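# What the coordinates show
One letter stands for each residue in the lines below.
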Amino acid sequence: MSDKWLPVSAALAAMQSQITPLTATESVDLAVALDRVLAAPVYAPINVPGFDNSAMDGYAVRAAEANTGEPLQVVGSAYAGHPFDGELPLASCVRIMTGAQMPVGADAVIMQEQVERTDASIVCQANMQTGDNVRLRGSDIHQDAMLLTAGQRLTATHVGLLASIGIAKVEVIRKVKVALFSNGDELVQPGEALPSSSHLYDSNRFVLSAMLQRLAVEVIDLGHIADDPAALEAVFQQAMRSADVVISSAGVSVGDADFTKDVMAKLGHIEFWKIAMKPGKPFAFGQLGSSWFCGLPGNPVAAVVTMDQIVQPMLRQLAGEQAPASTNYSAEAACTIKKRPGRTDFQRGFFEQKDGKLLVRPIGSQSSAVLTSVARANCFIVLEQDRDTVGAGETVTIQPFDALLT
Ligand code: AMP
Ligand code: MG
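Everything in this summary refers to the structure shown in the same document.

How each quantity is defined
Residues numbered from 1 in each chain as written. Chains lettered and ligands numbered in written order. Predicted model: local features only at pLDDT ≥ 70, side-chain atom pairs only at ≥ 80, totals over all residues. Heavy atoms only, no water. Phe/Tyr/Trp six-rings, centres within 6.5 Å; stacked < 30°, edge-to-face > 60°. Buried < 20%, exposed > 50% of the residue type's maximum accessible area, 1.4 Å probe, protein only. Lys NZ or Arg CZ within 6 Å of the ring centre and 35° of its normal. Near = heavy atom within 4 Å. Polar contact = N/O pair within 3.5 Å; in protein donor to acceptor, adjacent residues only side chain to side chain. Areas by Shrake-Rupley, 256 points an atom, 1.4 Å probe, with all protein chains shown as cover. Nonpolar A, V, L, I, M, F, W, Y, C, P; charged D, E, K, R; others polar. Helix = DSSP H or I, 4+ residues; strand = E, 2+ residues; numbered from the N terminus. Pairing = 2+ DSSP bridges. Salt bridge = Lys/Arg side-chain N within 4 Å of Asp/Glu carboxyl O. Axes fitted to C-alpha atoms, helices over the stretch in contact; angles between N-to-C directions. Parallel < 35°, antiparallel > 145°, perpendicular 65-115°, else oblique. Left-handed = near helix turned anticlockwise from the far one by under 90°. Contact = heavy atoms within 4.5 Å. Expected span 1.5 Å × (residues − 1). Arc of directions from axis to C-beta.

Another point: the packing of aromatic side chains. Scanning the entire structure with this criterion turns up 6 aromatic pairs. For the ring pair F285 and W292, a centre distance of 5.6 Å and an interplane angle of 10 degrees mean the geometry is stacked. Taken as a pair, F285 and W292 share a single burial class, namely buried. One aromatic cluster in this structure is built from F181, F236 and F293. Lying over the aromatic face of Y59, R95 brings its terminal NZ or CZ to 5.2 Å of the ring centre. Above the ring of W273, the side-chain terminus of K261 is found at 3.7 Å from the ring centroid.

Here it is as structure tokens:
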């Protein structure tokens, strides 16, 4: 067990080097595929659009004929789902609605606002080019093209794309199973009365479970465990039997009632338990039989930040997801930001654009116990381990809150 304070990057690298992504897959209906990770690439079985069609309500014409200024006789109409039958005769046009198939022979659509219409014919008022207002077959998605790759986590747009090529079921990696429990004699469940002034509500289990829901993992909620080594041992035994990852909150520090590390050491193996980050230390990572263990700090902000920054990448990797691109930006500090060298700070900040540049300032209390600061912030101000206090006007790295925090 490493007793050193690991830099954040070293902790992430140590975890990354050990995790092997899950390979088991399942087939799920498109309606419940949001946020799941694709197990295999998806190739388009058809073109989208599947036929040349009109992008406007107007008249389908031959552009060259329309440009002569001669009247074009309206010989029929085409509606979405109801095409014009046959080929467009010379010197004529077809009344056409958005999404309707282009008549054979027509090569452009004049917007209805750009014609002069008499009873039976139109005169074009615009200068038309071939292809104007026509959506060509295969112009969005080409048949046989790879539309999505293995390891992509499906967004709402991906779900729409899959529907557009007629796919009703997708092969995804099975859900990562995460067992979660909170720990501490002082904790009381929401909805119950606080028995004394030294009790507080168990907020961690709820915020952590909500964050996990955003990752589409299967949460096995094992409730709240007292500061009792026997009870902790029992819950660890249960958790490691049922989950790929066991996440606890609190009890990993060096206090007299912090039994998690001892029980973990007995049942498994702790790799490291100190990360040089603020908030965040202590954070324990190890192995429990064939499960992974993440022991999160008890202070609510520290629990939230380590879940977001340290546990999230591991869960994404385990789920077979491709590593996401960095979402860090540079911003100007709008005020002095206090910092001591030695740990990477994830300060809660609020950024906004002013006069064409991003400005950021820390928001609320930076205490690791004050959850309201996270609720009011919209980003982390990531201050490098060796950095000292930042002066107003200096450049800092910001990381807008991701899906787990918004
Ligand atoms: P510990 O890691 O057990 O020393 O806890 C550190 C701090 O976090 C203490 O002030 C605890 O009361 C608080 N804490 C621990 N667990 C929770 C929880 N589930 N919800 C809210 N606060 C907690
Ligand atoms: Mg405790």
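Let's pick the thread back up.
Attention now goes to the site of ligand 1. Around ligand 1, a shell composed of 16 residues is seen, among which E186, D202, S203, G251 and G298 lie nearest. Between an oxygen atom of ligand 1 and a main-chain N or O atom of G251, the distance comes to 3.2 Å. Between an oxygen atom of ligand 1 and a main-chain N or O atom of N299, the distance comes to 3.2 Å. Starting from 490 Å² of accessible surface for ligand 1 in isolation, the protein chains cover 77%. Residues belonging to the shell around ligand 1 are distributed by class as follows: 5 nonpolar, 8 polar and 3 charged.

A separate point is the pairing of strand β13 (residues 177–183). Each regular strand shows side chains that alternate between the opposite faces of the sheet. With 6 of 7 residues buried, β13 is to be regarded as a mostly interior element. Sheet topology places β13 next to strand β17 (residues 245–249); 5 bridges connect them, and they run parallel. Residue pairing in the sheet places V178 in a bridge with V245 of β17.

On to the pattern of salt bridges, then. Tallied over the entire structure, the rule returns 13 salt bridges. Where D29 meets K169, a salt bridge forms, and the shortest distance between an N and an O atom there is 2.9 Å. Taken as a pair, D29 in strand β1 (residues 25–29) and K169 in strand β12 (residues 169–173) lie far apart in primary sequence, 140 residues in all. With relative accessibility at 39%, the residue D29 sits in the partly exposed group. Between K354 and E352 there is a salt bridge whose closest N-O contact spans 3.7 Å. The exposure class assigned to K354 is partly exposed, which follows from its relative accessible area of 42%. Connected through salt bridges with shared partners, the residues R153, R316 and E321 form a single ionic network.

Looking now at the packing of helix α1 (residues 8–18) against helix α7 (residues 300–318). The relative placement of two packed helices comes down to the angle between their axes together with the axis-to-axis distance. Two elements in contact, α1 and α7, have axes whose closest approach is 10 Å; the angle formed by their N-to-C orientations is 25 degrees. For the element pair α1 / α7, the angle class is roughly parallel. For the pair α1 and α7, the sense of crossing is right-handed. Judged by residue contacts, V8, L12, M15 and Q16 of α1 engage Q309, I310, P313, M314 and Q317 from α7. When the residues that make up the contact of α1 with α7 are grouped by side-chain class, the tally is 6 nonpolar, 3 polar and no charged.

With mixed pairing, the 6 strands of this open sheet are ordered in space as β7-β4-β6-β5-β9-β8. Pairing within the sheet leaves two strands with one partner each, and these edge strands are β7 (108–111) and β8 (115–117). Shown here is a sheet whose adjacent strand axes are inclined to one another by a mean of 40 degrees, direction ignored.

Before going further, it helps to examine the sheet that holds β13. Overall, mixed pairing links the 6 strands, which are arranged β16-β13-β17-β21-β20-β18 in an open sheet. The open sheet has two edge strands, β16 (218–225) and β18 (269–272), and neither has a second partner. The mean angle between the axes of side-by-side strands here comes to 20 degrees, regardless of whether they run parallel or antiparallel. Note that strand β20 (residues 284–288) and strand β21 (residues 291–296) share 5 bridges and pair antiparallel. Counterpart to G286 in the pairing with β21 is F293. Lying over the sheet, helix α6 (residues 260–267) contacts β13, β17, β18, β20 and β21, oriented at roughly 30 degrees with respect to β20.

Before going further, it helps to examine helix α5 (residues 229–242). An ideal rise of 1.5 Å per residue puts 20 Å on 14 residues; α5 measures up with 20 Å between its terminal C-alpha atoms. Listed in full, the buried residues belonging to α5 are L232, V235, F236, A239 and M240. When α5 is viewed along its axis, its buried side chains cluster within an angular range of 130 degrees and face the same direction. Away from its buried face, by an angle of more than 90 degrees, α5 presents the exposed residues A230 and R241. Here the buried face of α5 lies against β13, β16, β17, α6, β20 and β21.

Treat this as a map of the structure, not an account of what it does.
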